[in-house]
Amino acid sequence: MLLIECSKIKKYFGDRLLLDIDNLKIYSEDRIGIVGANGAGKTTLMNILCRRLEPDEGWVKLYGNYSYITQLEEPEAKSISDELASKLSIEAVWRENMSGGEETRFKLAVALAGDPPLVLADEPTCNVDMEGIQLMAERLQEYKGVLIVISHDRSFLDKLCNKILEIENSEIKIYHGNYSHYRDQKIQERERAVFEYEAYMKEKRRLEEIMKDTKQKAKSIRKAPKRMGNSEARLHKMGNQRAKANLEKAVKNAENRMKHLEAKDKPKKEKRIQFDIMDADRLHSKIIIAGKNINKTFGNKMIFKDAEFNIYNGSKIGLIGPNGCGKSTLIKMIMENDKGIEVAQGASIGYFSQDMDILDEKVSIIENIMESSIYPENFARLLLARLLFKREAVYKKIAVLSGGERVKVSFAKILLQDINLLILDEPTNFIDINALEAIEEALQDYDRTLLFVSHDRSFVDAVANHIMTIENHKIKISPGNYTAYLASKNKSLDAEEEEIEKKIFILKNRLSEVIGRLSIPSKKDDVAALDKEYHEILGELDRLKDRQEL
């Protein structure tokens, strides 16, 4: 069933053509992820599709009602059912002091409550922890209507989408499948473009060689020797003229084929960002950050109690956990050299936070970067190009950049400074996926110590070689990436589940025996003691079953 159709859409941002869409139809079985660079027009397109925003040209038809989830607006209702509240681990009544993740989950619950035929969600995973993202994904998987979502979380898009809509250079292109399928198709497109370019160049060189050789042959046709008679000279000349005409015809044919040869542009090969680190600037301590007997409370809320940790030289630590568990608190304690925290001597920390304001709005991107860069401008331009600031774009003033673009420039500025320890607090929020993957690549090649906080599973999985968690007011570091951490955690949970099952089996057998003896007690049985044991067994069984449900 058709839910949205639009035709000949044009939308301008000042003099710039932001969107130019010839035709788009969205059907009841579609679950679409919208991707594109910061400023490409993703939110604008979503608002046009649900008619919150009118296009400058063209028309949109929307068949049915919809729900819209955005972090910028309050929910349409301030209460939800207890069932939905339970499924999303939130309270049933809206509170102004909810965390960002709780607010988003509440808005999702409100959006799904009326079971609308269409749900639109603009960056629903920002500021939501991994557990919250998982809960949201599960609820949206249960939802059977049309879903249109903007997100930089690739795992989220993989779970929910059957189509990816890409916005590039004002135009849209639909790819079938989830985000991983989209990436595979983009790789295949590039490989095909490389193959077609190489075939074009091969044929072009072949035709050029034919023309060159044929022209040379035409020049080398000799005139009739002087000692020839008139009759012989005339025949020789006629033969040469025919041969020359044939060669000139061959040249002309080659030139025509060259004219009709479809030109192919050379696909751009993106250079990998390699950081050339001076050995003199390296830290040689075995332990870069150490924490001993760390204690921290806020009012009655305990964050850390006698916590300890060591971050070793060269480690890439992904700090994960639910909102409010103490991740940003720990980062702040490290930055402030709080009691119990010791940072290696000679450490020069590059610190990134979404709340930081390290850019001068009055000057350009490249001026901001080079003001503190230890790398040459050509290297800075390479990093900026990978973050989609190419050619003349580096001369844009910071004042005209979007929030996501400022985040990317801030990240580049910190990364190019004279640092040997990098600490990043939520570096992936509001960054487009292409830039996110470039940052991943840069951090994979970064060969110094890295500590970062992120709720983006794909990002953590690609960059971290150790996972740091905060559990029961303690700090724990596990070797391996996020996938290895989950496997280890699930293995532990499986072992715990097996142990619970054994205990339940033993208790049920004992319960049957106790019930039998209570039904027909012998003279030796202490009925009061058996009755007490009966209730104790029931209580222990309830506790074990509650642990199974966690």
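The model shown is predicted, which means the values in this text are computed figures rather than measured ones.

Draft legend 1. Up close: the sheet that holds strand β4 (residues 57–62). Spatial ordering of the open sheet is given by β2-β1-β4, a layout of 3 strands whose pairing is antiparallel. Looking at the sheet topology across the chains shown, the edges are occupied by β2 (16–27) and β4. Adjacent strand axes in the sheet meet at a mean angle of 15° when their direction is disregarded. Judged from the 5 bridges that link them, strand β1 (residues 2–13) and β4 form a sheet pairing that is antiparallel. Along β4, the bridge assignment pairs Lys10 with Glu57. This element, helix α1 (residues 42–49), spans β1, β2 and β4 of the sheet and lies at about 50° to β2.

Draft legend 2. Inspection of the nonpolar core at higher detail. Judged by nonpolar contacts, the single largest core of 45 residues is most densely connected at Leu422 and Leu443. When residues of this core are traced back to their parent elements, those giving at least two are α9 (365–370), α10 (377–386), α11 (403–415), β15 (421–425), α12 (433–445), β16 (449–453), α13 (457–463) and α14 (482–519). Not counting chain neighbours up to four residues away, the residues in contact with Leu443 comprise Lys316, Phe411, Leu415, Leu422, Leu424, Leu450, Phe459 and Val463. Counting residues in hydrophobic clusters, the runner-up holds 36 residues, among them Ile90, Leu112, Ala121 and Tyr182.

Draft legend 3. Focus on the sheet that holds strand β10 (residues 287–298). Reading across from one edge, β11-β10-β13 is the order of the 3 strands in this open sheet, with antiparallel pairing throughout. In this open sheet, the two edge strands, each paired with only one partner strand, are β11 (301–312) and β13 (341–343). Going from strand to strand, the sheet's axes swing by 15° on average, the running direction of each strand aside. Two strands pair when backbone bridges link them, and β10 and β11 are joined in this way by 8 bridges, in the antiparallel orientation. Residue pairing for β11: Gly291 is matched across the bridge by Phe309.

Draft legend 4. A look at the pairing of strand β12 (residues 316–320). Among the 5 residues of β12, 5 are classified as buried, and the element is accordingly described as predominantly covered. The alternating pattern of β12 places Lys316, Gly318 and Ile320 on one face and Ile317 and Leu319 on the opposite face, and all of these are buried. Where β12 lies against β16, 4 bridges are found, and the strand directions are parallel. Each residue of the ladder has a partner; that of Lys316, found in β16, is Leu450. Pairing geometry for β12 and strand β17 (residues 466–471), over 4 bridges, is parallel. By the bridge assignment, Ile320 is partnered in β17 with Thr469.

Draft legend 5. How the structure looks around the UniProt feature "domain: ABC transporter" (unreviewed entry) in the protein chain. Here, UniProt's "domain: ABC transporter" (unreviewed entry) annotation points to residues 4–194 and 289–497. Across residues 4–194, the secondary structure splits into 34% helix and 31% strand, with the terminal C-alpha atoms separated by 36 Å.

Each value, and the rule that gives it
- Residues numbered from 1 in each chain as written.
- Predicted model: local features only at pLDDT ≥ 70, side-chain atom pairs only at ≥ 80, totals over all residues.
- Heavy atoms only, no water.
- Pairing = 2+ DSSP bridges.
- Helix = DSSP H or I, 4+ residues; strand = E, 2+ residues; numbered from the N terminus.
- Axes fitted to C-alpha atoms, helices over the stretch in contact; angles between N-to-C directions.
- Contact = heavy atoms within 4.5 Å.
- Core = buried A, V, L, I, M, F, W, Y, C linked by side-chain atoms within 4.5 Å.
- Buried < 20%, exposed > 50% of the residue type's maximum accessible area, 1.4 Å probe, protein only.
- UniProt positions renumbered as here; feature names shortened; annotations may be inferred.

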